[in-house]
Amino acid sequence: MKRFFFLLVLLGTLSVADTRAQSKLKPASLFTDNMVLQQQSQVPVWGWYKNGGTVSIITSWNKKHYKVTANNAGKWLIKVATPVYGGPYTVSISADTTFKLTNVLIGEVWMCTGQSNMEIPMKGFKSQPLTGSVAAILNSANNNIRLYTVPRSSTTQLQENSKPSAWHVASPEFVSNFSATGYYFGRQLNELLHIPIGLINDCYSGSNIEAWMDPEVLKDFPEIRIPTKDTPIKEVSRTPTTLYNGMLHPVIGYGIKGCIWYQGESNYDRPDQYEKLFPTMVKRWRQLWGQGDFPFYYAQIAPYDYAQLPPYNAGGKYNSAYLRDAQRKSLSVIPNSGMAVLMDIGEQATIHPPRKEQVGTRLAYLALAQTYGIKGFDYASPTYRDMSVTGNVATIRFLNVDNGLTSFNKPLQLFEIAGKDKMFYPASAAISGSTVVVSSPQVKEPVAVRYAFRDFVVGDLFGTNGLPVSSFRTDDW
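Quick look at the structure, then. If you're wondering where the values come from, they're calculated on a predicted model, not measured in any experiment.

About the criteria used
Residues numbered from 1 in each chain as written. Predicted model: local features only at pLDDT ≥ 70, side-chain atom pairs only at ≥ 80, totals over all residues. Heavy atoms only, no water. Pairing = 2+ DSSP bridges. Helix = DSSP H or I, 4+ residues; strand = E, 2+ residues; numbered from the N terminus. Expected span 1.5 Å × (residues − 1). Buried < 20%, exposed > 50% of the residue type's maximum accessible area, 1.4 Å probe, protein only. Polar contact = N/O pair within 3.5 Å; in protein donor to acceptor, adjacent residues only side chain to side chain. Lys, Arg positive; Asp, Glu negative; His and termini not counted. Salt bridge = Lys/Arg side-chain N within 4 Å of Asp/Glu carboxyl O. Core = buried A, V, L, I, M, F, W, Y, C linked by side-chain atoms within 4.5 Å. Contact = heavy atoms within 4.5 Å. Right-handed = clockwise from strand over helix to strand, strands pointing away.

**Notes on the sheet that holds strand β18 (residues 415-418)**
So, point 1. Read from one edge to the other, the open sheet built from 4 strands follows the order β19-β18-β22-β24, with strand pairing classed as antiparallel. Among the strands making up the open sheet, the edge pair consists of β19 (424-426) and β24 (472-473).
So, point 2. Bridge count for β18 against strand β22 (residues 448-451) is 4 bridges, and the pairing is antiparallel. Residue pairing across strands places Ala 418 opposite Ala 448, the latter belonging to β22.

Rendered as structure tokens:
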């Protein structure tokens, strides 16, 4: 009886201790020393404290004193005004204790999201090197680039806070473990804008797109099974909603300028579905962030021989060109977006192309032109516009071709043409200024043209700016 009584007392003590722990002031994991806050904005700052408790915040750049009351769930959130870029500053958050966040910069904040090709760090994955990474890492020390990585978390239950992490000043130690695509993107912005850049790495290798979407928006896709909180997670990065719950929802609302995205490999076998999921996800993220149609730039997946992967499917819609085509079509559906084309840097033997500097730099070109208004450079890949037919010749027109097209004096070998029988034949293709004329003696009445429409291929058509043209098809077969 005495032992039983002792256990009851102990459990009661632990319960009281847990309650007291939950009542202590706790800022969200994102708010740490060295963070970057989005400039010239009303940025949310939030965390937890006891129900009805008052939290005070002081921002050193304007010495303004804010107060906010925690709600019934113990959460508090207040928006603070940020000035034009600069720093370092401090942010003090006080209640029963004080968190004084130091070395805070005001600048431009970008989310870096997706699967392994965004997640792969500057040092590379094991036995998977990245071109030029050692020199880039050694020269990476920069007080005006800050890095934050959201820890991996896959869960069927919505999380209000992410696992603990910290903002770091760019240096070889921390850059080596940070997203290579994200780092190269941020480095290019910092070099051109001379503004502090904050990068939030929110990725999970192997993830499919529905893992990053919430249950409410996935209701429009009845073929996708939404797990309950008790559903076992058999695939940590491919179970719908689980990465949204554990990694995205906890950071939604943090003040950002925009988002870059590199994902699609894990959905390559479902291109028709992806064509609907992708724009839906972007629209939903923007709704949840409440910042309007913030810039969203994405990398088109690079060519790769997907038949090497289990279950070794090949042919038909298992050709990853269909997924690339879904991404290409999304450009006209997603407002304030841009796509970095990677037709020239894919690798047949690895799904992780080693030339990540090109990926990050091409994404940065889009942001520098479309978001930051830098003029005088040709920043985008030409994209398919339309086709006309005269006799047995099809003429392909493009967007973003003010300075024309080029094949770098090599023959175009990746065009195919078909008639009403839907049989594609290798075609003769030639550049004519800003168009390509395509024909074949085997097709008397052309109906459709495809370019580089293969699982693995190295593109041979470029803009004069050196940026590759996306694979495309004029048909919907």
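**Some words on the sheet that holds strand β6 (residues 75-81)**
So, point 1. Read across the open sheet, the 3 strands follow the order β1-β3-β6; overall the sheet is antiparallel. Every other strand in the sheet has two partners, leaving β1 (26-27) and β6 as the edge strands with one partner each.
So, point 2. Examined bridge by bridge, strand β3 (residues 42-48) and β6 share 7 bridges and lie antiparallel to one another. Opposite Gln 42, over in β6, you have Ala 81 as the bridge partner.

**Considerations on helix α5 (residues 180-193)**
So, point 1. Over its 14 residues, α5 extends 20 Å from the first C-alpha to the last, a length consistent with the 20 Å expected when each residue adds 1.5 Å.
So, point 2. Where burial is concerned, most of α5 is hidden: 11 out of the 14 residues are buried.
So, point 3. Among the residues of α5, Ala 180, Thr 181, Gly 182, Tyr 183, Tyr 184, Phe 185, Gly 186, Gln 188, Leu 189, Asn 190 and Leu 193 are the ones counted as buried.
So, point 4. At the N-terminal end of α5, a side-chain oxygen is found 2.9 Å from the backbone nitrogen of Gly 182, two or three residues along, and the residue is Ser 179.
So, point 5. Where α5 terminates, the next one or two residues include His 194, which has phi positive at roughly 55°.

**Thoughts on the side chain of Asp 202**
So, point 1. Inspection of the secondary structure assignment puts Asp 202 in strand β11 (residues 197-203).
So, point 2. No salt bridge is formed by the buried Asp 202; its nearest oppositely charged neighbour, Arg 152, is found at 9.6 Å.

**A word on the nonpolar core**
So, point 1. In terms of nonpolar packing, the biggest core is built from 93 residues, with Trp 76, Tyr 254, Trp 261, Phe 278, Met 281, Phe 296 and Phe 415 touching the most fellow members.
So, point 2. Among the elements that make up this core, the one with the highest residue count is helix α8 (residues 271-289) (7 residues).
So, point 3. Filtering out sequence-adjacent residues up to four positions away, Phe 278 remains in contact with Ile 209, Trp 261, Phe 296, Tyr 298, Ser 330 and Ile 334.
So, point 4. Counting 39 residues, the second-largest nonpolar core is a separate cluster that includes Leu 130, Phe 185, Ile 197 and Ile 345.

**Comments concerning the pattern of salt bridges**
So, point 1. Taken as a whole and assessed by the stated rule, the structure comprises 18 salt bridges.
So, point 2. The shortest N-O distance in the salt bridge between Arg 187 and Glu 191 comes to 4.0 Å. Residue Arg 187 and its partner Glu 191 are located together in helix α5, separated by 4 residues, close to a single helical turn.
So, point 3. Judged by relative accessible area, which is 44%, Glu 191 ranks as partly exposed.
So, point 4. The partner of Arg 362 in a salt bridge is Asp 344, with the nearest N and O atoms 2.9 Å apart. Highlighted residues: Arg 362 in helix α10 (residues 356-371) and Asp 344 in the loop between β14 (337-340) and α10, separated in sequence by 18 residues. Pair check on accessibility: Arg 362 and Asp 344 agree, each one buried.
So, point 5. Linked through salt bridges whose partners overlap, the residues forming this network are Glu 275, Asp 325, Arg 328, Lys 329, Arg 450, Arg 473 and Asp 475.

**Re the pairing of strand β13 (residues 296-299)**
So, point 1. Neither face of β13 is exposed, since Phe 296 and Tyr 298 on one face and Tyr 297 and Ala 299 on the opposite face are all buried.
So, point 2. Here strand β12 (residues 258-262) pairs with β13 via 4 bridges, running parallel. Pairing of Tyr 262 across the sheet is with Ala 299, part of β13.
So, point 3. Assessed by its sense of winding, the connection that carries the chain from β12 through α8 to β13 is right-handed.
So, point 4. Judged from the 4 bridges that link them, β13 and β14 form a sheet pairing that is parallel. Following the sheet pairing, Tyr 298 is matched in β14 by Met 339.
So, point 5. Viewed along the sheet, the connection from β13 through helix α9 (residues 321-330) into β14 turns out right-handed.

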